[in-house]
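Fold and contact review
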Number of protein chains: 2
Amino acid sequence: MEHNEKRFSFSQADLFLPGISLDCVIFSFHDGNLNILLNRFLNYSKWMLPGGFVHREESVDEAAARILTSRTGIRDIYLRQFHLFGDRNRINIEENRDLLVNKAAAETEQVNAIREEWFLQRFISVGYFAFVEFEKINLPVNPREDTQWFDVHAIPVLYADHNKIIDKAISTIRGQLNSIPIGYELLPEKFTLTQLRIIYETILDKKLDRRNFQRKILSTGLVYKLDEVYKQWGYKSSALYSFDKEKYKDAIKNGISLF
Amino acid sequence: MEHNEKRFSFSQADLFLPGISLDCVIFSFHDGNLNILLNRFLNYSKWMLPGGFVHREESVDEAAARILTSRTGIRDIYLRQFHLFGDRNRINIEENRDLLVNKAAAETEQVNAIREEWFLQRFISVGYFAFVEFEKINLPVNPREDTQWFDVHAIPVLYADHNKIIDKAISTIRGQLNSIPIGYELLPEKFTLTQLRIIYETILDKKLDRRNFQRKILSTGLVYKLDEVYKQWGYKSSALYSFDKEKYKDAIKNGISLF
C-alpha cells in the first residue's frame, strides 16, 4: 500500500520546479521562407511552441537545451534566452483545462487530479530562441505529437501567449541583429546572397535593395564567392557563397553594422 | 486556536510565487562615477542587490516596479528586465542559512521554521536594470537596512551570484547601447559633455577620445548647448547641454550609432 501511495504521489511537482515553464522559438530557413517549429497534441486543436519544464537538478539553460534536443532530435543548437514572460493572466485557465481534458489518457482519478493541480497553477515562462538548419531535422520527432514548420508570415492563433512570445523573439533579434549570427546559423554551408537577404528582410520586416545589400555584405569580407552556382530549373543560375567562419565570429563578437 | 493556526501558517509561501526572486541593478551617476545601489541587512556582512519576490496576483514586471519603489522611494523609473539567472547552485544554501540566522528576529520556532522553508528553497532570479537620477533618492529609504551607492569599479564580493548579475547587466547595456537611453535617464536636465562621455566610457570599459566624442554627439543633433556654464572652484568652466527630448526618443526607437 505504501508502495502504491508512493507511485500515485509521483508527479510533475516532484520532478520539476513549480510554476516555471520554457518556450522555444525555433527558426529554420527553407525554400525562401523563415519558419518556426510548432507542435500540437493529438486531439487538441491549438498549435503551440515546443516547451517544457525545469528539472529540480538542472539549470534553466540546461533545461532549454534538453527540451530543444527532445523536440528536434539534434544537439549543439544555437540557443539564447531572450525574455521572461510573467504576466498574471498569460495562460487562460479554462484553455488549460480544455487542454488537459483532451490530452489526458484515461488514467486513475488520482493521477488526473495530481496532473490537474500541476497544469492549473500559474506559470511564468522563459523564452528561448534557436536557429537550426532545416535539413538536419526529420519530422515528426515524436509520434504522439503533430509537429510542423510554419512560415513566420502565416502563424495561426496559438495556445496562451505564444504569439506574443514569437513577436518578442523577432523584435529582440531585430534589435540585436548586429551581434546575432542569424545568417550563419540558418543557412547551409553554401548559399546565395538572395537567401541571406531574405532572412534579413524577414526579421527587419522590410524590403532591402538587392544591389545595396550585396555591396554591403561583400564589403564586410564576411562571405566569399565559391566557384559553384546554384541552378533551379527555369531560373537564372545564382552564385554560391560561404561564410568566412573566423571573420564572422569576430564580427559577431564586436558587432557588425550592416543596416 | 484555528485563528492562531491561520496566523502561524501565514508565510511567504502564501503571498509569493514559489522559487522566483527578482534582483535590481539600479544605476545612478554622481560626481563623475557610475554607481550601483546595494543594501545589507543589519547584522549580516554581505552586500546584495535590492530584490524581492513576486506576489501571486501581480505580474513579474509589476513586482519589479513595486520593489524598485520600495527600495528607492521614487516612482516612474526606467526599468528593464534583462536576464533570468537559473543556475542550479547560484545560491549557496549555507550562505542563506547564515543570512537567516542573522536576519531573524527572535520569533516563535514555528514562524522561523516556515521562514526557513521559504528561504532555503531553490530560487531562480529575474534580473532588472534601472536608471535613476542620483539627486532624487534620499538614503536610507528603510531604517532596518543599510543602503549605499557603490562605484561600479569598486563593487565588493556580494551575496550569491549578485556580482555576476551586475556583470551581465553591464554587458547587456553595452550590447544595446544604441537603443538604451542611458545618458538621458542618468543625467540631470543640464549636463556637461564630459559627464555624458564618462557614462559611455564606463559602460564600454574603454577611454573615448574627447574631441571625437564631442563631434559625434553634436552631429547627431540629440543634444543642444545651453547659454549657461558649469563652474567648479579651481576648474575651467564647462558648457552645459540638454537633450532634445523628441529627437532622443526617436533615435532610441530607431537606434543611434555612436560607437
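Notes on the structure in this doc start here. The shown structure was predicted, so the numbers you read here are calculated from the model rather than taken from an experiment.

Procedures and definitions
- Residues numbered from 1 in each chain as written.
- Chains lettered and ligands numbered in written order.
- Predicted model: local features only at pLDDT ≥ 70, side-chain atom pairs only at ≥ 80, totals over all residues.
- Heavy atoms only, no water.
- Axes fitted to C-alpha atoms, helices over the stretch in contact; angles between N-to-C directions.
- Helix = DSSP H or I, 4+ residues; strand = E, 2+ residues; numbered from the N terminus.
- Parallel < 35°, antiparallel > 145°, perpendicular 65-115°, else oblique.
- Contact = heavy atoms within 4.5 Å.
- Nonpolar A, V, L, I, M, F, W, Y, C, P; charged D, E, K, R; others polar.
- Core = buried A, V, L, I, M, F, W, Y, C linked by side-chain atoms within 4.5 Å.
- Buried < 20%, exposed > 50% of the residue type's maximum accessible area, 1.4 Å probe, protein only.
- Expected span 1.5 Å × (residues − 1).
- Pairing = 2+ DSSP bridges.

Quick notes on the packing of helix H8 (residues 193-204) of chain B against helix H9 (residues 210-219) of chain B
Residues and elements named next belong to chain B. At a closest axis distance of 11 Å, the pairing of H8 and H9 adopts a crossing angle of 100°. Judged by the inter-axis angle, H8 sits roughly perpendicular to H9. Here H8 contributes Leu193, Leu196, Arg197 and Tyr200 to the contact with H9, which in turn contributes Arg210, Phe213, Gln214, Ile217 and Leu218. Taken together, the residues of the contact of H8 with H9 break down into six nonpolar, one polar and two charged.

Remarks on the nonpolar core
One broad trend across soluble globular proteins is that nonpolar side chains are buried collectively. Counting residues in hydrophobic clusters, the biggest one holds 46 residues, and the most contacted among them are A:Leu22 and B:Leu22. When contributions to this core are tallied by element, the ones reaching two or more residues are strand E1 (16-30), helix H3 (60-72), strand E4 (78-85) and strand E5 (124-131) of chain A together with strand E1 (16-30), helix H3 (60-72), strand E4 (78-85) and strand E5 (124-131) of chain B.

Section: H8(B)
All names here are of chain B. Here H8 is 12 residues long and its end C-alpha atoms lie 16 Å apart, about the 16 Å a rise of 1.5 Å per residue gives. H8 sits mainly inside the fold: nine of its 12 residues count as buried. Among all positions in H8, only Leu193, Leu196, Arg197, Ile199, Tyr200, Glu201, Thr202, Ile203 and Leu204 are buried. Positive phi appears at aspartate 205, one or two residues downstream of H8, with a value of about 55°.

Overview of the pairing of E5(A)
Residues and elements named next belong to chain A. Most of E5 sits inside the fold, with eight of its eight residues counted as buried. Both E1 and E5 contribute to a ladder of eight bridges, which runs parallel. Note that in E5 the partner of isoleucine 20 across the bridge is isoleucine 124. Here E4 runs beside E5; their pairing, made up of seven bridges, is antiparallel.

Side note on the environment of B:Leu139
All names here are of chain B. Locating leucine 139 in the fold gives a position in the loop between E5 and strand E6 (145-151). With a relative accessible area of 31%, leucine 139 lands in the partly exposed category. Sequence separation between leucine 139 and proline 181 is 42 residues, and the spatial gap between their C-alpha atoms is 25 Å. Residue contacts for leucine 139: discarding those within four places in its chain leaves Leu37, Thr147, Gln148 and Trp149.

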